Amino acid sequence: MDDNWVLQVKDVSKAYGDNPVLNKVNLSLKRGEIHALVGENGAGKSTLMNILFGMPVIHETGGFTGEVWLKGRKSEIKSPKDAMDAGIGMVHQEFMLLPGFSVAENVKLNREPTKPNWFSKVAGPKFETINLHKMGYDTRQALDRIEIGVDEWLPLMGMPVGHRQFIEIAREIDKTDLSLIVLDEPTAVLTETESSRLLSALNKLAGSGIGVLFISHRLDEVFEIADTITVLRDGEVICTVPKHEARVENIAEMMVGRKISNSKATQPGRTTGNGNILEIRNLSVDMPGEYVNGVDLNVRKGEILGIGGLAGHGKLGIANGLMGLCHSAGTVMCDSQEIPLNDSRAALDAGLVFLSEDRRGVGLLLDESIEDNIALASVVSRNKFVKKVGPLPISVEDGKSIREHAREMISLLDIKCTGPQQSVRRLSGGNQQKVCVAKAITMEPEVLLVSEPTRGIDVGAKERVLSVIKRLNAEKGITVVMTSSELAELRSMCDRIAIMYNGKIHGILSPDAPDAEFGFCMAGGGGVPGD
Amino acid sequence: MIDSLKQVLCKFGLPRLTIMLFLVALLVVATINHLPTSMLLGNSLVRIGMNGVMVLAMVPSVQSGAGLNFGLPIGIIAGLIGMLVVMEFRLTGFLGLAIALLVACVLGIAAGYLYGLVLNRVRGQEMMIGTYAGFSIVSGMCMFWLLAPFKNPEMIWVVGGKGLRMTLAVGDSLSGILDRFWGFTLFGVKVPTGLLLVFAVACLLMGVFFKTRLGISMRIAGANPAFAVSCGINVDKMRILGTVLSTALGAMGMVIYCQSLGYVQLYTAPLMMAFPAVAAVLIGGATARKADVLNAVLGTVLFQTLLTIALPVTRSVIEGDISEVAKTIISNGMILYALTRKEGDG
Amino acid sequence: MKEGVQVKEGLRVKEPLRVKEQLHVKELLRRNAVPALFLCMCVLGVLISGQNIRYIAQELISRLARNWFLVLSLIIPVTAGLGLNFAIVLGAMAGQVGLIVATHCKLPGLVGLITAVVLSIPIAILLGISAGHVLNKARGREMITSMMLGFFANGLYLLVFLFMVGTVFPIDNPEIVLDTGVGLRGTIELKYCKYALDNLLRIKVLGINIPVGSFAVVIALCFGMRWLYKTKLGQELRAVGQDMGVASVAGINVDRTRVIAMVLSTVLAAIGQVIFLQNMGTINTFNSHQQIGTVAIASLLVGGASVTSATVGQGLIGTLLFQLLFIVSPAAGQRLMGNAQIGEFFRVFIGYGIIAVALLIHSWGRKSSLESASRQAMMKEEAKTTGSM
């Protein structure tokens, strides 16, 4: 066994319930190598990391199959502590730092050097006094190793985000015997200059023989720093290539592309002559992680417009901004009428209906029945399903018509349930999504905004949901704006596909443009053809 | 078989089952000891009617997402002022009661609105803030009672001629006016028809309200604020409305309570009154996130019957008045139980 | 934002500093607004009441001697993120049980006192452990839960001492049991160990009696707390208090640490109650413990503490101001409104009011800091995207 390997992941598979998230993943990392793991959200990157770090969530859900080898030896990582002992360091996406503590206290958290005293000899090591001098000295050493001049006794509070990232790294390298450091999207919150400093620090670390596993979906950085690139998609390793053999467009394409039959049902150019139903000008949306920054977009009446792009570039922000769920600015005209922003009532009145990507958080009332989930939103916003109480001037919900309507929807969408009164919490993801679709249909949209309609649902439900959306478009002339991270899905549904990059529309492509073009566009390549 | 039994048990809830069994045991002991069962039942009915509206006040507050209304004393104070106004002007009979309810309701709405504004700024901490807002107002009002410009000599301290007394009799024509209305006796059980009727009407109105668009909007706002926003519902407004309804109901509930009791108790008396009301709705099967009219009715019936029957029964077995202690243990224990359950448990 | 730094204030380590900070005058004022306000109220109160300064001083000294320890018992749960521990009532009960037993056995003086403490500690540990476990089940709702726990425990306490003494527990001692033979008396005189600690060493300064023994115990506690926060356990308590998630990823057993915090607090409260009662001389069997929760918490808050940060200094100063207000408000009410009762109600109102306001500020502040965080993130994002264009 070559002990140059710091980490070898062998045939690792993992499923949450019936939902497979990792399928026979293989990954190897040498001493001093910087290995980039790229993939879209939901590709299985975080699950793989959780396995490496022995997070309880893995073992609570039945563990995983396959083997993890560290430094040429098979190892059992059962808890984060095991991982730390084995020499794995982890830099989390959300900072695992305490703002009220100083840098040194953070670096040494729960690893404080202590001195025994008379009381601790009686009452146990918890009562040993903390050795502040050694704490400061060790921290200084670690900070110096990554060349950051921050004072080790300053409180973290008020420190720039960039420094915090370095402190996380310092904490990891301060651990003795660190052989592998895993960084999850380390540059997501950094400015340009901070990022480049971080990357050079990583290079130094690798130079000292530590393996670096770098998780990102920012391809420019990956190409700047990595020695090897592994693409993960749908829980499978698509390819592992040395950097000098890889090209940005190929990698982007591999991250999003899916090999499915390209069943194009929309006729090319069928909506070219139609007027615009939505005219969006200079739209900015404050959606954390998905900021939109000055989007101009026209949506034609009767079309299905796709919005794609890599995660974090703002594709999800548009619909949330239009519906007033996230704070937004700009102008939006619907049928030449301006819709006031940040007012979901106004958006609904204008005929916009939203199928949220956050099904359980926004889309459903989890503890209510199927029928209520389908109907109540329409009762409130469309005044449907109400009846008068005798001669009184008040109207109440009409349970009978709600029940009937729910039955209709259940059979139309083939929702698998025990009846319209079942609580939606117990339904499977696919059936929950169908309930959401039913709710949206019931609200009689003119423009249907659909975000990630097939995320986390089974194949059968996927097909059903997409075909219903398509039918709504074809039969009732409902305009659809569909946001999805699955390019193949967009291509099979849409008339045009807008690609977001850095909070802006980077290009609008035809669904039958070649894969490479999409990849190029998503990676921010300039000069976009197709529109 | 065992599984389905377990399911039924779970659905019904362990606390309710325990209390019911306890209740049955008490009734058995009562019959064995030849206690006047009909009188006990009559008293239970009165106490159910007295407390029912205040328990019902919990429903809109929970439904709108503002949580259990631990700030009920705010409404209670409004109710007390309503009673005092009527007594000061020596209004009697149904006119007096109606005016007391009206004043209580108006003050309750005003106070509830302000309280709702505060609660909207302190999401997640409503219970704690509510408790201490209630405590502060009750203790602040102690000063008011001392200084308030009431002139009726029956209400103010004899010595000094200033400040309201601790306990005021509401007067013969007001005292028990609802209890006596259409009252009748059945198998020796005195039925306070008017009182129960008022509670029933309040429940009915509340039930209908939650079927209107406004009521549904409020339910949605409480169940899932994000969903509500996506339906164009103003969640803040709904929470304020829920708090206003709750406070106004608390105020009117207090008027009903006082007329039945025959006394108005001032100063620190209302301090802890929120807790039994909260406990009752929890006993009825509500949680901090879900409560309906049925929970309020069931809870009131169980809790008040238990307290009424426990007193004489325990007295026949052991010395001393254990009912206050039992009330403390049961109501606080119930609230504690509800607080330590995982969020989202049914 | 201010929380973490404030935690440090009273517990700062001399060399090297664990957290370096610069203080500006404005910042200093903002941080100490609450104690400053109460200082003004106290000064006004003293002036209005027109009471003899020596009387006030004497009263204050003895009130400080009996209250300080109790107030300080609240600090550990605050630093451990459990908020204001309304469940110190449990500790107080344990202390009372110890004293009642000591009185029952007629143990005199310091022996009785020490016996009371020794007896109450295991009870307090048990109660603290159960309270800790209950609070672990009610994350995010610790304060209301600890409050309800106090009320609930009070019910059980009443059950035991009103109905079970003389029936289940065969105690037949007319000094403490009611004439009926069931239930404890409402007030029990501590004949044997009254003032045992206070009388250990009393000195007179300017005619004011100072119970040095009690103060010595408080000073010892202050140093003990200071020392605690220099140990590994102290560091863990503070880490858990700041962020349970981060602490647990770092390998700290969060649940256990929180239980330890509750146990420490409950034990200290038990000792505190014993000190309190030996100074009072009588136990109000069914009331003494109920008051202390509110009074101690209000005192701590008056000192400028909040739900998430409290220091020994804040506890000491807060108690001083609150008790001073307590002493002068009836007389001030009498002078101002011609009614002493107004003053009494006023101090109760202040007690509840300060807690309500502190909780309000806490929740209000939290929201705005969240907002500013997301705003900052957005600005950052914007800077980045425009930078890369």
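Rules and cut-offs
- Residues numbered from 1 in each chain as written.
- Chains lettered and ligands numbered in written order.
- Predicted model: local features only at pLDDT ≥ 70, side-chain atom pairs only at ≥ 80, totals over all residues.
- Heavy atoms only, no water.
- Helix = DSSP H or I, 4+ residues; strand = E, 2+ residues; numbered from the N terminus.
- Buried < 20%, exposed > 50% of the residue type's maximum accessible area, 1.4 Å probe, protein only.
- Contact = heavy atoms within 4.5 Å.
- Areas by Shrake-Rupley, 256 points an atom, 1.4 Å probe, with all protein chains shown as cover.
- pLDDT = per-residue confidence, 0-100.
- Pairing = 2+ DSSP bridges.
- Axes fitted to C-alpha atoms, helices over the stretch in contact; angles between N-to-C directions.
- Buried area = accessible area lost by both parts, 1.4 Å probe.
- Salt bridge = Lys/Arg side-chain N within 4 Å of Asp/Glu carboxyl O.
- Polar contact = N/O pair within 3.5 Å; in protein donor to acceptor, adjacent residues only side chain to side chain.
- Nonpolar A, V, L, I, M, F, W, Y, C, P; charged D, E, K, R; others polar.
- Parallel < 35°, antiparallel > 145°, perpendicular 65-115°, else oblique.
- Left-handed = near helix turned anticlockwise from the far one by under 90°.
- Patch = residues over 30% accessible without salt bridge, like charges linked within 9 Å, V, L, I, M, F, W, Y side chains within 5 Å.
- Core = buried A, V, L, I, M, F, W, Y, C linked by side-chain atoms within 4.5 Å.
- Expected span 1.5 Å × (residues − 1).
- Phe/Tyr/Trp six-rings, centres within 6.5 Å; stacked < 30°, edge-to-face > 60°.
- Lys NZ or Arg CZ within 6 Å of the ring centre and 35° of its normal.

Colleague: Let's hear about the overall build of chain A: which residues, and what values?
Modeller: On a plain count of helices and strands, chain A comes out with 19 helices and 24 strands. Overall, the C-alpha framework of chain A stretches about 85 × 60 × 45 Å when taken along its three principal axes. Taking all 531 residues of chain A together, 59% fall into the buried category. Within chain A, residue pairs in contact and separated by at least 24 positions form 66% of the contacts whose partners lie at least 6 positions apart. Of the accessible surface of chain A, which amounts to about 21,100 Å², a share of 50% is contributed by carbon and sulfur atoms.

Colleague: How would you explain the overall build of chain C if you had to name every residue and give the values?
Modeller: Assigned secondary structure in chain C consists of 15 helices and four strands. Here chain C holds 389 residues, and the buried ones make up 54% of them. When the accessible surface of chain C is split by element, carbon and sulfur atoms take 67% of a total near 15,800 Å².

Colleague: Please provide a residue-by-residue account of the confidence of the model for chain A, values included.
Modeller: Residue and element names in this part refer to chain A. Taken over all residues, the pLDDT of chain A has a mean of 83, while the share at 70 or more is 94%. Least confident of the elements in chain A is helix H10 (residues 248-256), whose mean pLDDT is 76; most confident is strand E22 (residues 479-483), at 92. Of the regions scoring below 50 in pLDDT, residues 527-531 engages in ten contacts with residues more than four places distant in sequence or in other chains.

Colleague: Can you tell me about the sheet that holds strand E18 (residues 352-355) of chain A, naming the residues and giving the values?
Modeller: Residues and elements named next belong to chain A. Read across the open sheet, the six strands follow the order E18-E21-E22-E15-E23-E24; overall the sheet is mixed. A single partner strand is all that each edge strand has here, and the edge strands are E18 and strand E24 (504-509). Taken over all neighbouring pairs, the strand axes of this sheet differ in orientation by 20° on average, direction set aside. In the sheet, strand E23 (residues 496-501) pairs with E24 via five bridges, with the strands oriented antiparallel. Within E24, the position partnered with Ile499 by the bridge is Gly507.

Colleague: Give me the lowdown on the interface of chain A and chain B, citing residues and values where you can.
Modeller: Facing the 26 residues of chain A at the interface are 19 residues of chain B. Carbon and sulfur atoms make up 60% of the surface buried where chain A meets chain B, a total of about 1,900 Å² over both sides. Ranking the residues of chain A by area buried against chain B places Leu365, Val380 and Glu397 of chain A at the top, with a combined share of 28%. Our enumeration of links across chain A and chain B arrives at four salt bridges. In this assembly, chain A and chain B are joined by eight residue pairs in polar contact (both at pLDDT 80 or more). Secondary structure elements with two or more residues in the side of chain A that touches chain B: helix H12 (344-349), helix H13 (359-363), helix H14 (370-382) and strand E20 (395-397) of chain A. Here the side of chain A that touches chain B gets seven residues from one element, more than from any other, and that element is H14 of chain A. Among the residues making up the side of chain A that touches chain B, the classes are represented as eleven nonpolar, eight polar and seven charged.

Colleague: Talk me through the packing of helix H16 (residues 429-442) of chain A against helix H17 (residues 459-476) of chain A; I want residue IDs and the actual numbers.
Modeller: All names here are of chain A. Contact geometry of H16 with H17 gives a least axis separation of 9 Å together with a crossing angle of 15°. Relative to H17, the element H16 lies roughly parallel. When you trace H16 past H17, the crossing you get is left-handed. Where H16 approaches H17, its residues Gly430, Gln433, Lys434, Val437 and Ile441 are matched on the opposing element by Ala461, Arg464, Val465, Val468 and Leu472.

Colleague: Explain a nonpolar patch on the surface residue by residue, including any values.
Modeller: Residue and element names in this part refer to chain C. Residues Leu110, Ile114, Val118, Leu200, Leu201, Ile203, Val205 and Leu206 make up a contiguous nonpolar surface patch of about 740 Å² in total accessible area. Of all elements in the fold, only helix H7 (109-136) and strand E2 (202-205) reach the threshold of two or more residues within the nonpolar patch. If one sorts the elements of the nonpolar patch by residue count, H7 sits on top with three residues. Structurally, Val118 can be placed in helix H7.

Colleague: How would you explain the sheet that holds strand E2 (residues 19-30) of chain A if you had to name every residue and give the values?
Modeller: Residues and elements named next belong to chain A. Read from one edge of the open sheet, four strands run E2-E1-E4-E5, paired in antiparallel fashion. One side of each edge strand has no neighbouring strand; the edge strands of this open sheet are E2 and strand E5 (73-75). For this sheet, the mean angle separating the axes of adjacent strands, direction not counted, is 25°. Here eight bridges tie strand E1 (residues 5-16) to E2, and the two strands are oriented antiparallel to one another. Following the sheet pairing, Tyr16 is matched in E2 by Asn19. Against the sheet, helix H1 (residues 45-52) touches E1, E2 and strand E4 (65-70), its axis set at about 115° to E1.

Colleague: Now, about the nonpolar core: what can you tell me, with residues and values included?
Modeller: Ile229, Ile251 and Leu352 of chain A, Tyr132, Leu164 and Val264 of chain B together with Met148 of chain C are the most contacted members of the largest nonpolar core, which has 354 residues in total. A total of 13 residues in this core trace back to one element, the largest contributor, which is helix H12 (residues 254-280) of chain C. Apart from residues lying up to four places away in sequence, Leu164 of chain B is in contact with Leu84, Trp145, Ala148, Phe150, Met155, Ile156, Trp157, Leu266 and Tyr267 of chain B. The next biggest cluster of nonpolar side chains, apart from the first, holds 29 residues, and it includes Val12, Leu27, Ile88 and Leu232 of chain A.

Colleague: For helix H7 (residues 161-174) of chain A, give the residues involved together with the corresponding values.
Modeller: Structural remark: α-helix, 3.6 residues per turn; residues separated by three or four positions point the same way. Residue and element names in this part refer to chain A. In a regular helix each residue adds 1.5 Å, so 14 residues correspond to 20 Å; H7 covers 20 Å between its end C-alpha atoms and thus fits that length. Most of H7 sits inside the fold, with eleven of its 14 residues counted as buried. Of the residues making up H7, those classed as buried are Gly162, Gln165, Phe166, Ile167, Glu168, Ile169, Ala170, Arg171, Glu172, Ile173 and Asp174. The secondary structure elements touched by the buried residues of H7 are strand E6 (88-91), helix H4 (103-107), helix H6 (132-145), strand E9 (180-184) and helix H8 (192-207).

Colleague: How would you sum up the environment of Thr92 of chain B? Please name residues and give values.
Modeller: Among the structural elements, Thr92 of chain B can be located in the loop between helix H5 (72-88) and helix H6 (93-121). Along the backbone, Thr92 of chain B and Ala288 of chain B are 196 residues apart, and their C-alpha atoms lie at a distance of 40 Å.

Colleague: Tell me about the packing of H5 of chain B against H6 of chain B, and please be specific about residues and values.
Modeller: Axes are the key here: two packed helices are described by the angle between their axes and the distance separating the axes. All names here are of chain B. One way to put it is that H5 packs onto H6 with a least axis distance of 8 Å and a crossing angle of 150°. Of the possible angle classes, the one that applies to H5 and H6 is roughly antiparallel. When you trace H5 past H6, the crossing you get is right-handed. Only Gly96, Ile99, Ala100, Val103, Ala104, Leu107, Gly108, Ala111 and Tyr115 of H6 make contact with H5, whose side of the interface consists of Ile74, Ala78, Gly79, Ile81, Gly82, Met83, Val85 and Val86. Grouping the constituent residues of the contact of H5 with H6 by class yields 13 nonpolar, four polar and no charged.

Colleague: Describe the interface of chain C and chain B, listing the residues and the values that go with them.
Modeller: Size of an interface: often given as the accessible area lost when the parts come together. Every contact between the two is made by 39 residues of chain C and, on the other side, 40 residues of chain B. For the pairing of chain C and chain B, the buried interface totals around 3,600 Å² over both sides, and the portion due to carbon and sulfur atoms is 78%. Across the chain C-chain B interface, the total number found is zero salt bridges. Taken together, the connections running from chain C to chain B amount to two residue pairs in polar contact (both at pLDDT 80 or more). For the side of chain C that touches chain B, the secondary structure elements donating two or more residues are helix H8 (142-164) and helix H15 (340-388) of chain C.

Colleague: I'd like a rundown of the pattern of salt bridges, residues and numbers included.
Modeller: In total, this model carries 32 salt bridges over all chains according to the counting rule given. Between Lys126 of chain A and Glu236 of chain C there is a salt bridge whose closest N-O contact spans 2.9 Å. Highlighted residues: Lys126 of chain A in the loop between helix H5 (118-123) and strand E8 (129-130) and Glu236 of chain C in helix H10 (residues 232-242), drawn from two different chains. The exposure class assigned to Glu236 of chain C is buried, which follows from its relative accessible area of 3%. Across the pair Asp335 of chain A and Lys301 of chain A runs a salt bridge, and its minimum N-O distance is 3.3 Å. With a gap of 34 residues between them, Asp335 of chain A in the loop between strand E16 (327-334) and strand E17 (337-338) and Lys301 of chain A in the loop between strand E14 (292-300) and strand E15 (304-308) connect regions that are remote in the sequence. Judged by relative accessible area, Asp335 of chain A falls into the partly exposed class, the value being 34%.

Colleague: Could you give an account of the packing of aromatic side chains, with specific residues and numbers?
Modeller: Scanning the model with the defined rule gives 19 aromatic pairs over all chains in all. Through successive ring pairs, a cluster of aromatic residues spans Phe70, Tyr132, Phe135 and Phe275 of chain B together with Phe86, Phe151 and Tyr352 of chain C. Sitting above the plane of the Trp69 of chain A ring, Lys10 of chain A keeps its charged end 3.8 Å from the centroid. Above the plane of the ring of Phe276 of chain C lies Arg66 of chain C, whose end atom (NZ or CZ) is 5.8 Å from the centre.

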